[in-house]
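Structural characterization, general
Single-letter residue listing:
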Amino acid sequence: VDVLTEFYKHELRQFAFDDLERAVRDVFARGDHEGKGVLYRMRMVELLLEQDIVLLSRMQANTIVAMAPMEEDGSIVYEKVVPVVTRMLRALCTPESLTERANMLSRADFDPVELMSGRERDQMEATFKSAFAKYDVDKNHMLDENEFELCLRSSDIGLERHEIYALMGMVDTDANGTVDAHEFMSCAFDHLLQIKREKKILEAQRVW
């Protein structure tokens, strides 16, 4: 934590809150080549990973973007989410937040079983496998984004929509809009656990 704290002090010391918000807005605007004021989820994730303001993991970028409200066509009006993205970035990397995050992760309510509503890894993986097989109607071991959302919504896991989107972003490693069964089964539990931890931390820090 001390090493990360020093690193992020260096990264953020030139940014006041207004400057950081302006920088985030510029990142999204540069990615909006058509100037329509909207971006799609996967593009927004890639922009957050490419920016050099704050170092983010793919899990953190997906968790941030998954919380953004989407229009009917699946696009995101980025002006609406710039303020909350700015708050999230500061919550992820200010020295005080890093210390708070480390303390929270040691608490009992951050135990994996607790975060998964009492389900053990084996139970979760069996549920994932059953739901995936149900929606893989052509038996090609692949699901597109809509099928993936229906698959997880139909299960009894009780995932929220933003958690499904964040999980999709993590397992669709080549960003082609499909999820491979083997890839999904091998990492779904661990990715979902990370997403739930990140969400719980940001909620505790009152970022949203």
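Reference entry: report on the structure contained in this document. (Residues numbered from 1 in each chain as written. Predicted model: local features only at pLDDT ≥ 70, side-chain atom pairs only at ≥ 80, totals over all residues. Heavy atoms only, no water.)

So, the overall build of the protein
Stated precisely, the cut-off is as follows: Secondary structure follows DSSP: runs of H or I at least 4 residues long count as helices, runs of E at least 2 residues long count as strands, and numbering of each begins at the N terminus. Buried means the residue's accessible area, taken with a 1.4 Å probe over protein chains only, is under 20% of the maximum for its type, while exposed means over 50%, and partly exposed covers the values in between. Contacts are residue-level and defined by heavy atoms, with any inter-residue pair within 4.5 Å sufficient. Here, Shrake-Rupley sampling with a 1.4 Å probe gives the accessible areas, and only protein chains in the shown set may cover a residue.
Looking only at helices and strands, the protein has 11 helices and 4 strands in total. Taking all 208 residues of the protein together, the buried fraction comes to 47%. A separation threshold of at least 6 residues defines the contact pool for the protein, and within that pool the share at least 24 residues apart is 67%. Roughly 10,800 Å² of accessible area belongs to the protein as shown, and the carbon and sulfur atoms make up 49% of that amount.

Examining the packing of helix H4 (residues 58–66) against helix H10 (residues 161–171)
The condition is simple: Helix axes use the C-alpha atoms of the stretch in contact, all axes being lines fitted to C-alpha atoms, and the angles between their N-to-C directions lie in the range 0 to 180 degrees. Throughout, a crossing is termed right-handed when the near helix is turned clockwise from the far one, and left-handed when it is turned anticlockwise from it by less than a right angle. Under the convention adopted here, Pro, Cys and the residues Ala, Val, Leu, Ile, Met, Phe, Trp and Tyr are nonpolar, Asp, Glu, Lys and Arg are charged, and Gly plus all remaining residues are polar.
Interhelical geometry of H4 versus H10 gives an angle of 145 degrees and a closest axis separation of 8 Å. The two elements H4 and H10 meet at a crossing, and its hand is right-handed. On the side of H4, the interface is formed by Arg58, Met59, Asn62, Thr63 and Ala66, while H10 contributes His162, Tyr165, Ala166, Gly169 and Met170. Of the residues contributing to the contact of H4 with H10, the split by class is 5 nonpolar, 4 polar and 1 charged.

A few points about the pattern of salt bridges
Inclusion rule: Here a salt bridge means any side-chain nitrogen of Lys or Arg lying within 4 Å of a carboxyl oxygen belonging to Asp or Glu.
Within this structure, the stated rule accounts for 11 salt bridges. One salt bridge in this structure joins glutamate 71 and lysine 80, with 3.4 Å as the shortest N-O distance. Given the relative accessible area of 32%, glutamate 71 is considered partly exposed. A single network of salt bridges, built from pairs that share partners, joins Glu21, Arg25 and Glu79.

Overview of the nonpolar core
Selection criterion: In this text, buried Ala, Val, Leu, Ile, Met, Phe, Trp, Tyr and Cys residues form a nonpolar core when linked through side-chain atoms within 4.5 Å.
If you look at the biggest cluster of nonpolar residues, it comprises 29 residues, and the most contacted ones within it are Phe128, Phe148, Leu152, Leu167 and Phe184. Listed by contribution, the elements that provide at least two residues to this core are H4, helix H8 (121–135), helix H9 (145–154), H10 and helix H11 (181–204). Looking at which element gives the most residues to this core, the answer is H11, with 8 residues. The contacts of phenylalanine 184, once residues within four sequence positions are left out, are Phe128, Phe132, Phe148, Leu152, Leu167, Val171 and Val179. Membership of the second largest hydrophobic core comes to 27 residues, among which are Leu20, Ala23, Val24 and Val45.

Considering the packing of helix H3 (residues 41–50) against H4
Rules: Angles are sorted into four bins: roughly parallel if under 35 degrees, roughly antiparallel if over 145, roughly perpendicular if 65 to 115, and oblique for all others.
Following both chains from N to C, one finds H3 and H4 inclined at 135 degrees, their axes separated by 9 Å at the closest point. Put simply, H3 runs oblique to H4. Pair H3 / H4 crosses with right-handed handedness. Contacts between H3 and H4 pair Arg41, Met44, Val45, Glu46, Leu48 and Leu49 from the former with Arg58, Ala61, Asn62, Ile64 and Val65 from the latter. Tallied by class, residues from the contact of H3 with H4 come to 7 nonpolar, 1 polar and 3 charged.

With respect to the side chain of glutamate 163
Tracing the chain through its elements places glutamate 163 in helix H10. When residues no more than four places from it in sequence are discounted, the contact partners of glutamate 163 are Gly158, Ile195, Lys196 and Lys199.

Points about the packing of aromatic side chains
Filter applied, for reference: Put simply, two rings from Phe, Tyr or Trp (the six-membered ring, in Trp's case) pair if the centres are within 6.5 Å, and we call them stacked under 30 degrees between planes, edge-to-face over 60, tilted for the rest.
If you walk through the whole model with that rule in mind, you get 4 aromatic pairs. Ring centres 5.3 Å apart and planes at 65 degrees place the aromatic pair phenylalanine 128 and phenylalanine 184 in the edge-to-face group. You can see phenylalanine 128 sitting in helix H8 and its partner phenylalanine 184 sitting in helix H11, a full 56 residues away along the chain. The pair phenylalanine 128 / phenylalanine 184 is uniform in exposure class, with both members buried. When the ring of phenylalanine 148 is compared with that of phenylalanine 184, the centres are 5.3 Å apart and the planes differ by 85 degrees; the resulting orientation is edge-to-face. One end of the pair, phenylalanine 148, is in helix H9; the other, phenylalanine 184, is in helix H11, and 36 residues separate them in sequence. Given a relative accessible area of 0%, phenylalanine 184 falls into the buried group.

Quick look at H8
As a reminder of what qualifies: Here the expected span of a helix is defined as 1.5 Å times the quantity of residues minus one. Directions drawn from the helix axis to the C-beta atoms are what define this arc.
Spanning 15 residues, H8 covers 22 Å between terminal C-alpha atoms, matching the ideal 21 Å at 1.5 Å per step. Taken as a whole, H8 has its buried residues at Met124, Thr127, Phe128, Ala131 and Phe132. Down the axis of H8, the sector holding all buried residues measures 125 degrees, keeping them to one side. Turned more than 90 degrees from where H8 packs its buried face, Asp122, Lys129, Ser130 and Lys134 sit exposed.

Limitation: the analysis is restricted to geometry and does not speak to function.
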